[in-house]
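Analysis of the macromolecular model
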Amino acid sequence: MSYVAVERADTLGAAGVSGTAPLQGPETRRRRPSGWHLLLVPVALLMIFPFVWLIITSASTLAETRVFPPTLPAGFPVTWIQNLVHNYREAWTQAPFGRWVLNTTIVTFTVVIGNLAFCSLAGYALARLRFFGRTALFLVILATLMVPFQVVMIPVLLICKYLGMVDTLAALVVPNLVTPFGIFLLRQFFKTLPVEIEEAARIDGATRLGTLVKVLLPSMAAPLATVGIMTMLWSWNDFLWPLIAITSQDNMTLQLGLSSFVGSHVTNWPVLMAGTVMTQIPMLLIFLVAQRWFVQSFASSGVKG
Amino acid sequence: MAQVILDKVRKEFPGKPPMVALEGLDLTIADGELLILVGPSGCGKTTALRCVAGLEQPTSGRVVIGDREVQDLPSRKRDVAMVFQNYALYPHLTVYGNLAFGLKEHHVPKPDIDRRVREMAKMLGIDRLLDRRPAQLSGGQSQRVAMGRALVREPQVFLLDEPLSNLDAKLRGQMRSEILQMQRRVGVTSLYVTHDQAEAMTLGDRIAVINGGVLQQLGTPEEVFRRPRNAFVAAFMGTPSMNLLRGTAEDGTVSAGDLRVTAAWVANGPVIVGFRPESLAPAEEAPGVPRLEMVVDVVEELGNETLVYGDVAGEIATVTIDATLPAPLEGSRARVAARLKGFSEVRRGDRLQLAVRDESMHLFDAATGEALAARARS
């Protein structure tokens, strides 16, 4: 349970309560090189290499990608830039890329909002409301965390088909509006909040829902950010479920659309890599802006990135 | 302002077997009165408070505030305010936000909210802290904010659940008098829960002593202290506790160890003899009254007085309050406390002749613990 305590402290810190930076401040960034850097720098390079190679490939010609052993494309920087422009334009025009960006954005945004709303409500109910079968229900929800998606995807598809949602964005949104992980995480956090705060709000005149919205949720920035960020990453990068649920090109998401660049016989790697870079740009921008929340989310949820 | 009535309030928590927290509690708190609910941990005093607040629903019985039965109403419709033991301030709001929260929820116009919050903050001396958040406040400041948050709404009933127990001893004394002053100034009907009998004695207009979910005695601090209705109240109120010895009444005389007390109205049979530590004095200061010989074990010099603990002949009568009471001694010795004036030359192992001032002697039925008479005469 110690991670929850960490989250709590960070919540307060993030809200400016503690008056100190919740995560690493300038002092830690200016730390002098230590022996750890001998290990960390090569590991960081190893991690960043695929992404750098992705960008380099998107600046190549098709012929240059077929050379073995692989080499850097010729003509740096002018030819590189020309290739980049060409490949990105190709990726954007060969397929309805803009439409895919819009679809993915709609799906991700709705799923994130849905998870924040419904997981909060469910987590609160499981933590605070007394009702028959509460523990059993929680255990059932927890148990679903242990079932691989591959096991349930066909039944879910059949339900979607029955509801007439197949090949619509609704098929990507509705089954994912609430996740057991989100419920579990928020329920655990609700349990750490002193019940007296809620009671004080109720005596002060707030309804249960009012207490949740005005008092409890504002105290939960860190766990809500965790759920939001993890849902966003998962939803944006999801490939398998859209592959099953979506058939028409207009309803594809980015990840699914990208796969259409892979041909049966020939794959235009530079164009595919250009598309891949474009799908990653929104996530990269969000990561740069909300870096500390990302780090905190993964640290506090105990889930590997 | 309003009077509060608890009418045969029973509260049972589910379990196997069910836990009965309140057993038909009858209590009337007059308009503007400060009533203290006091009792040991788990006696049901907080449950009673929560039944008034609407945080617990009584299993049966009525809760009346003013002329309204409120037991089925949610907290927000009862017009009560509460100060919690851990203050329960909203961590994401400033002091101003905390004070204004209840007023906003009751749709008070914004200029009124601002005026009332600032007035209350000034009255409590927290007007410089309005922009701070709870994490930046000290214990005493948090306590004041919690009080202000409750009082700014001008509720009909003010509920306090052990509000001073998280403060250090010095601050506790200071806040105690501030709470009293504030309550007197505002004149709001108040129910104050504490397990600290010193707080109960100094704060309350009346005290309700509760044990095992049952009201033991309701009265002014003086009544409860001087005329305890039963051995439990006698043992609970006062520090150190009242000394209780097992005795026997026979032909108008009660004997307990060395002690002989004349009580003509007491029927023959076993009784409990009670006398407070401050009723004991060195024998030479009070000749002719009932006497005890104490073998001194512990001496606590407090400057203006000396607490002496030792054994006397006799058998202690135990009243179950909590584990802090001395356990009965083996055989025919009983542990007794005496409060002597000033410094004392007494040392461990001394045999001390003590006189028991008769006017503060109490007799209780050995079977039921009920007081047999307010005082016994020697």
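Just so we're clear, the structure is a prediction, and the values are computed from it rather than from any experiment.

Quick notes on the rules
Residues numbered from 1 in each chain as written. Chains lettered and ligands numbered in written order. Predicted model: local features only at pLDDT ≥ 70, side-chain atom pairs only at ≥ 80, totals over all residues. Helix = DSSP H or I, 4+ residues; strand = E, 2+ residues; numbered from the N terminus. Buried ≥ 20, exposed ≤ 12 C-beta atoms within 10 Å, placed from the backbone. Contact = placed C-beta atoms within 7 Å. Domains from an automatic or database assignment. Nonpolar A, V, L, I, M, F, W, Y, C, P; charged D, E, K, R; others polar. Core = buried A, V, L, I, M, F, W, Y, C linked by C-beta atoms within 7 Å. Pairing = 2+ DSSP bridges. Axes fitted to C-alpha atoms, helices over the stretch in contact; angles between N-to-C directions. Parallel < 35°, antiparallel > 145°, perpendicular 65-115°, else oblique. Left-handed = near helix turned anticlockwise from the far one by under 90°. Expected span 1.5 Å × (residues − 1).

When you go through chain A residue by residue, the secondary structure sums to 16 helices and 0 strands. The 305 residues of chain A split such that 32% are buried.

Below, the discussion takes up the overall build of chain B. For chain B, the helix and strand inventory stands at 8 helices and 22 strands. Dimensions of chain B, computed from C-alpha atoms along their principal axes, come out at roughly 75 × 45 × 35 Å. Within chain B, the fraction of its 378 residues that count as buried is 46%. The contacts of chain B with a sequence gap of at least 6 include a subset with a gap of at least 24, amounting to 67%.

Let's shift gears to the domain arrangement of chain B. All names here are of chain B. The domains assigned to chain B are domain 1 (4–226) and domain 2 (234–373). Measuring from the centre of the C-alpha atoms in domain 1 to the corresponding centre in domain 2 gives 37 Å. Of the residues lining the interface, 7 residues belong to domain 1; the matching set on domain 2 comes to 6 residues. Secondary structure elements with two or more residues in the side of domain 1 that touches domain 2: helix H6 (197–203) and helix H7 (221–226). A breakdown of the residues in the side of domain 1 that touches domain 2 according to their chemical character gives 5 nonpolar, 2 polar and no charged.

When a protein is soluble and globular, its nonpolar side chains tend to lie buried together. Residues Leu 37, Val 52, Met 82, Leu 159, Leu 191 and Val 273 of chain B are the most contacted members of the largest nonpolar core, which totals 141 residues. The element contributing the most residues to this core is helix H9 (residues 180–192) of chain A, with 7 residues. Those residues in contact with Val 52 of chain B that lie beyond four places of it in its chain are Val 4, Val 63, Val 80, Val 157, Leu 159 and Leu 191 of chain B. Tyr 88, Leu 254, Leu 256 and Trp 269 of chain A belong to the second largest nonpolar core, which has 22 residues in total.

Residue and element names in this part refer to chain B. With omega at 0°, the peptide bond leading from Lys 16 into Pro 17 counts as cis. Residue placement: Pro 17 occurs in the loop between strand E1 (4–13) and strand E2 (19–29). With omega at -10°, the peptide bond leading from Thr 239 into Pro 240 counts as cis. Mapped onto the fold, Pro 240 is located in the loop between helix H8 (231–236) and strand E11 (243–250). A positive phi angle is found at Asp 251, which is not glycine, with a value near 50°. Under the C-beta neighbour-count criterion, Asp 251 is labelled exposed, with 7 such atoms within 10 Å.

For the rest of this paragraph, the subject is the sheet that holds strand E3 (residues 34–38) of chain B. Residues and elements named next belong to chain B. With respect to topology, 6 strands assemble into an open sheet ordered E6-E7-E8-E3-E9-E10, the strand pairing being mixed. The open sheet has two free edges, formed respectively by strand E6 (80–83) and strand E10 (214–219), since each of these has just one partner strand. Shown here is a sheet whose adjacent strand axes are inclined to one another by a mean of 20°, direction ignored. With 4 bridges joining them, E6 and strand E7 (residues 157–161) adopt parallel strand pairing. The residue bridging Val 83 from the neighbouring strand is Leu 160, located in E7.

All names here are of chain B. With 5 of its 6 residues buried, strand E9 (residues 206–211) lies for the most part within the structure. Pairing geometry for E3 and E9, over 4 bridges, is parallel. By the bridge assignment, Leu 37 is partnered in E9 with Ala 208. Taken together, E9 and the strand that follows it, E10, pair antiparallel across an intervening segment of 2 residues, in which Gly 212 is found at a positive phi of about 55°.

Take the interface of chain B and chain A next. Listed by partner, the interface residues are 20 residues for chain B and 18 residues for chain A. Here the residues of the side of chain B that touches chain A sort into 11 nonpolar, 6 polar and 3 charged.

Residues and elements named next belong to chain A. Packing of helix H6 (residues 134–145) against H9 leaves a shortest axis separation of 9 Å and a crossing angle of 130°. It follows that H6 is oblique to H9 by the angle criterion. Remark: the crossing between H6 and H9 carries left-handed chirality. Residues Ile 141, Leu 142, Thr 144 and Leu 145 of H6 form the contact with H9, whose participating residues are Pro 180, Phe 181, Ile 183 and Phe 184. Of the residues belonging to the contact of H6 with H9, the class tally is 7 nonpolar, 1 polar and no charged.

Residues and elements named next belong to chain B. Strand order in this open sheet of 5 strands is E15-E20-E16-E17-E19, and the pairing throughout is antiparallel. In this open sheet, the two strands that pair with only one neighbour each are strand E15 (280–282) and strand E19 (333–341). Within the sheet, the average angular offset between the axes of one strand and its neighbour, ignoring direction, is 50°. Taken together, the 5 bridges between strand E16 (residues 291–301) and strand E20 (residues 351–356) define a ladder with antiparallel strand orientation.

In an α-helix, one turn spans 3.6 residues; hence positions three or four apart end up facing the same way. The end-to-end C-alpha distance of H9 of chain A is 19 Å, a good match for the 18 Å that 13 residues give at a rise of 1.5 Å each. Inspection of H9 of chain A places Phe 181, Gly 182, Ile 183, Phe 184, Leu 185, Leu 186, Arg 187, Phe 189 and Phe 190 of chain A among the buried residues, and these make up the whole buried set.

Attention now goes to the environment of Val 214 of chain B. Residue and element names in this part refer to chain B. Looking at the secondary structure, you find Val 214 in strand E10. Exposure remark for Val 214: the 16 C-beta atoms within 10 Å place this residue in the partly exposed category. Each C-alpha atom of the pair Val 214 and Glu 23 lies 5.5 Å from the other, and the pair is 191 residues apart in sequence.

Tracing the backbone shows Gln 141 of chain B in helix H4 (residues 139–151). For Gln 141 of chain B, the residues in contact, after removing those within four places along its chain, are Ile 126 and Leu 129 of chain B.

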